[in-house]
Structure formats: structure tokens, C-alpha cells
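Architecture at a glance
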Amino acid sequence: MNTIQKEVKEVKLFINGEYVDSSNASMFEVKNPATQEIIARVHEASYENVDAACKAARKAFEEGPWRTMSVSERCSKIRRMAEIIIERKEELASLEALDVGKPYHVALETEIPRAAHNLTFFADFMEKQGGEVYPMDEEFLNYTRYEPVGVAALITPWNLPFMLTTWKLGPCLATGNTAVIKPAEITPLTVSLLGEIAKEAGIPDGVVNVVHGFGVDSAGEYMTTHSDVDLISFTGETTTGKAIMKNGADSLKRVSFELGGKAANIIFEDANLDKAIPVSIRAAFMNSGQVCLAGSRILVQRSIFDEFVSRFKQAASELVVGDPQNETTNMGPLVSEEHYVKVTSYFDIAIEEDSKLVFGGKRPELPDYLQDGYYLEPTIYIQENPNARICQEEIFGPVVTLIPFDTEEEALQIANNVDYGLNGVVWTDNLQRAHRISHNVRAGTIWVNCWFVRDLRAPFGGFKKSGIGREGGHYSLEFFTEAKNICIALK
Ligand code: NAD
């Protein structure tokens, strides 16, 4: 049962183990995207606040005991954080639904448990790590140690706030680093609680700090230029990644970027449509299409194109758009007015480009109390020109484009004809073709006859403009550690 709170929350900064106010009394408001009601007033971190957070993280790193305590003790505290998240899962899911507009039941059943799993996974994974040993004849012995890098800036977007922050925080803490976290300014509610959750779990003051604010001339920029920050793990837009890279360049900060996507979901004529259609619907419209991994371009072989269009349209028409608090809702509102304006601008672009509207393209009929929410119907276009803007640009909303193709070569050419390369999907019963497509689509993850199946040991990240580096399993541990070679003379 969702126990949603009605009062306007005051969200503070968490610095060196306590919640504090903005030092210059600057505040900003957060709205519920389902209704436009103000749900929170947030303390915006000044430069002094960010400086204090970075210095606290630096002191906690240098002086210990976080870095120097045994791995098992450190990891048991991280696992305790995960337990507290599960104990508070209804509250966290409720806040995530309120803040982002996503269905409460989805947050409760998938995102909050996954956030807890992000922490336990990396705690368990870290505890099982060994290191390499390289003997040199009988005279010398080399071994490798993986040591924490220092202070990490963890900057996350609004679409999966809690899940994506813990995905970074797990490996950051397990390897002995300290963190300054900044959630997106429009969705700070759940991430702000990580401070008290860390404290209750026994994590020392200064190890986990959470600041709030914007990017340019605000907390984001202050963090990414701060001399105490050694590494930046960022998830967000490709253009923001470019700005962060420039800002971090002067002090040579190590970066890991998870950026935008424009995945091709390729449906061959031998695909099992009974499976491909419901999964493609999820891939296009989950979280109202506000997912970096969304299958927002569906490439369909021409021989089955008409059948696919009619069945896909029917399935989209059955999605329930509405109040995120309702059990039956499949799609809530978009996250903000600004984002709503961006997504709906593509409706005009689609018309200018002669795209054919198959379904949606407008606000749905909703009860009066949701009239101010940023709702859109699931929207489907057909576009024969893969160079059209709706086939090239990340719309990040419930808008999907169906593109017909004739041959495998053509499908590959269209799939790769974008700046992004985060992921791809292929539906076929032909084993050889499944492998060929998987090898030749230039993207970091390829799902064959499935979508969004994640093993946290596997590498996750993007080709091309979809990112730099990989997260997951030992890839995350490598990012958050310095490898040290120790060479011992045996004689
Ligand atoms: P965004 O880039 O606008 O913001 C992300 C974060 O960066 C926010 O916390 C924001 O305040 C901060 N920021 C903005 N400008 C900054 C600056 N100059 N310096 C430092 N920090 C700055 O992204 P968004 O709109 O919140 O999220 C949507 C984007 O995130 C989409 O492009 C989506 O594809 C991407 N995304 C990628 C993945 C992935 O794993 N590859 C996952 C989720 C979302």
C-alpha cells in the first residue's frame, strides 16, 4: 500500500554526517509531475557547501578508517545499507513515484529492490576479489594490489534516480573510496535519504555526502572542477558529458560516462512476434520511454511490416496512462514541463518530416485532478527515411519510430547509422543471424530475443557517443581503483 506523504518536504544537504542548510539560503522547488503540485523545497548547495562536502570526503578518505578497514567490515556496512533500503522500500518507492512520475508498483517491485541489490552485489563481489601474482624466474615476485582512488563525484540523472546512484555508490564504497553525490535537481528525494541510510548502517561521517543543485555555475560544476575530487562517474546526456570532461580536464580527473542512446530493435521475419511485441512495447514505453536503453527505433522486415504495425498499435492502445499511484497504471507522466515541451516538439518535427502517425501524438483523456500533469499517449510513427530527426535524436519520451527494411545488410546499416551505441536488440530464430547481428551492431549491449536482462557482472556502457568506459562487475572495480605493482626481491 502506498503511503504517500502530502506535506511539502524540506530537502537538506548531507555533509560530513549531518543534514545542513544551503550556506547562502538558496532554495529551489520540486514538483509532482502528475499534478504540478510542489512536493519539496530543496537547499541548493553553494560553492562553500560543495567545498565542505569535497573536503569532508577528502578527510574521510585520507584519515580513514574507511579506506583502511578490512574489506569484510566495509562490505558488511554496505550490505547493511541494502537491508535498510529494503526495510524502507515502500517509503522509497513512494518518493520515487512522486518525484519522477513513474508507477509506484514498478518502483516498489523493480527499482528499489535493484538499488539494494546494487549494494549487496558489489559488496559480495569485492569480498571475493583476489589479485594477480607474476613470478620472475626465482629472483623476483610481483603482485598486484587494487587501492581506492580517492574522492568520487557521483552525478546522476532523473529517470532512475535511486537505482542509478546506488549502481555507482556500491563499487565506489566497496573499493574504499569516499563519495560526493549529486542527484538531478528535479528528482532529489530518494537520493537525499542515502545520507541517513549510510549513517544508520555505520558508515563513517564524510564517506557519503549528498549535495543538491544544478549543473552549470552550480553544484555539478563545482564538484567536477574541485581539486579534492579525483574521479567522476556520470550518467546523463551526451552534451553534459562533454562539458564535464572539459571541466575535469584541468585536474586530470578520471571519468566514467554513461550517456544517451537511440537503440535499434530489429525484428526479422522469422521472429516470434508473440514474444517480440510485448517486449518491444516495454522497451519503447517503460518509464514513459524515459530510459537510455529504450528500443526507440523499431526496424521491421518489410514482409511482416503491416502485421507488426497493426499488432504493435493494438498493444500500445492497451497501455494504461494515468496516476502513478494506481496499481493498473503502465505509464505515468513525463518528468517535467521542460521535458514535456522537448518531447512534444518532436511531434511537429515528425510532421515536417512526413512521418506517418500510427498512434498517439497527444495528451490522453484523464480525470480532472491529473489535468496539469505532463501526460502523453504512447506514440508511434512510421518513417521510411532513417536519417529523419526522429530516427536520429534521443527523444527520451514515449515516442517510437517504425522503420521498414528488406535485407539483413540494410538493417545493419540503419542500426549503425546513429551517433549513439549504447545497446541494440534483435529478434530472430536464426542462430547464425543472431550472432552476425550481435557482432556487427556497434553498441555496448546486444539483447537477442529479450531486452533489459541484466547480469551485474557483465560490462555495461556505450560505444560512440553513448559513453566512456564500462560499469558492472570488475569493470566498475577497475574504474574505482588504482592498480599497484609490488615487486619483491626473493634473494
Ligand atoms: P543531464 O545530463 O541533463 O543531467 C544529469 C546530471 O548532470 C544532473 O544531476 C545534472 O544536474 C547534472 N549536470 C548537468 N549539467 C552539468 C554540468 N555542466 N556539470 C556537472 N553536472 C551537470 O541528463 P538528464 O536529463 O538528467 O538525464 C537524461 C539523460 O541521461 C539521457 O540522455 C539518457 O540517455 C541518459 N541516461 C543514460 C544512462 C546510461 O546508463 N547510459 C542511464 C540513464 C540515463
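Preceding block: the structure.
Residues numbered from 1 in each chain as written. Predicted model: local features only at pLDDT ≥ 70, side-chain atom pairs only at ≥ 80, totals over all residues. Heavy atoms only, no water.

1. Concerning the layout of surface pockets
Of the voids in this model, the largest pocket is the one considered here, and its volume is about 1,200 Å³. For the largest pocket, the lining is made up of 42 residues, of which Trp158, Ala184, Glu185, Ile186 and Glu338 are closest to its centre. Counting only elements with at least two residues in the lining of the largest pocket, the list comes to β4 (27-31), α8 (219-225), β11 (231-235), α9 (238-249) and α12 (337-352). Among the residues making up the lining of the largest pocket, the classes are represented as 18 nonpolar, twelve polar and twelve charged. Two domains each provide a minimum of three residues to the lining of the largest pocket, namely domain 1 (9-259 + 466-486) and domain 2 (264-455). (1 Å grid on protein atoms, 1.4 Å probe; cavity = no way out; pocket = protein on both sides within 12 Å on 5 of 7 lines; lining within 4 Å. Points joined across faces, edges and corners; volume = space filled by probe spheres on them. Helix = DSSP H or I, 4+ residues; strand = E, 2+ residues; numbered from the N terminus. Nonpolar A, V, L, I, M, F, W, Y, C, P; charged D, E, K, R; others polar. Domains from an automatic or database assignment.)

2. A short note on the sheet that holds strand β7 (residues 140-148)
Here we have three strands laid out as an open sheet, ordered β6-β7-β23, and antiparallel in their pairing. Of all strands in the sheet, those bounded by a partner on one side alone are β6 (133-136) and β23 (481-489). Across this sheet, the average inter-strand angle for adjacent strands is 25 degrees, counted without regard to direction. Sheet topology places β6 next to β7; four bridges connect them, and they run antiparallel. Its bridge partner being in β7, Met136 is matched across the sheet by Phe140. (Pairing = 2+ DSSP bridges. Axes fitted to C-alpha atoms, helices over the stretch in contact; angles between N-to-C directions.)

3. Section: the packing of aromatic side chains
According to the stated counting rule, one finds 15 aromatic pairs in the structure shown. Look at Phe234 and Phe257: their rings are 5.7 Å apart centre to centre, the planes differ by 85 degrees, and that puts the pair in the edge-to-face class. Pair noted here: Phe234 is in strand β11 and Phe257 is in strand β12 (residues 254-258), with a separation of 23 residues, a long-range link. Each member of the pair, Phe234 as well as Phe257, is classed as buried. The rings of Phe121, Phe122, Phe125 and Trp167 are connected pair by pair, giving a single aromatic cluster. Seen from the ring of Phe61, Arg67 lies directly overhead, with NZ or CZ sitting 5.2 Å from the centre. Note that Arg433 overlies the ring of Phe268, its terminal NZ or CZ placed 4.1 Å from the centroid. (Phe/Tyr/Trp six-rings, centres within 6.5 Å; stacked < 30°, edge-to-face > 60°. Buried < 20%, exposed > 50% of the residue type's maximum accessible area, 1.4 Å probe, protein only. Lys NZ or Arg CZ within 6 Å of the ring centre and 35° of its normal.)

4. Re empty space enclosed by the protein
Within the structure shown, the criterion is met by five cavities of 30 Å³ or more. Volume-wise, the largest cavity comes out at about 170 Å³. Lining the largest cavity are 16 residues, and of these Met163, Leu164, Cys292, Leu293 and Phe460 lie nearest its centre. Considering each element in turn, the lining of the largest cavity owes the most residues, three residues, to helix α5 (residues 161-174). Among the residues making up the lining of the largest cavity, the classes are represented as eleven nonpolar, one polar and four charged. Both of domain 1 (9-259 + 466-486) and domain 2 (264-455) provide at least three residues apiece to the lining of the largest cavity.

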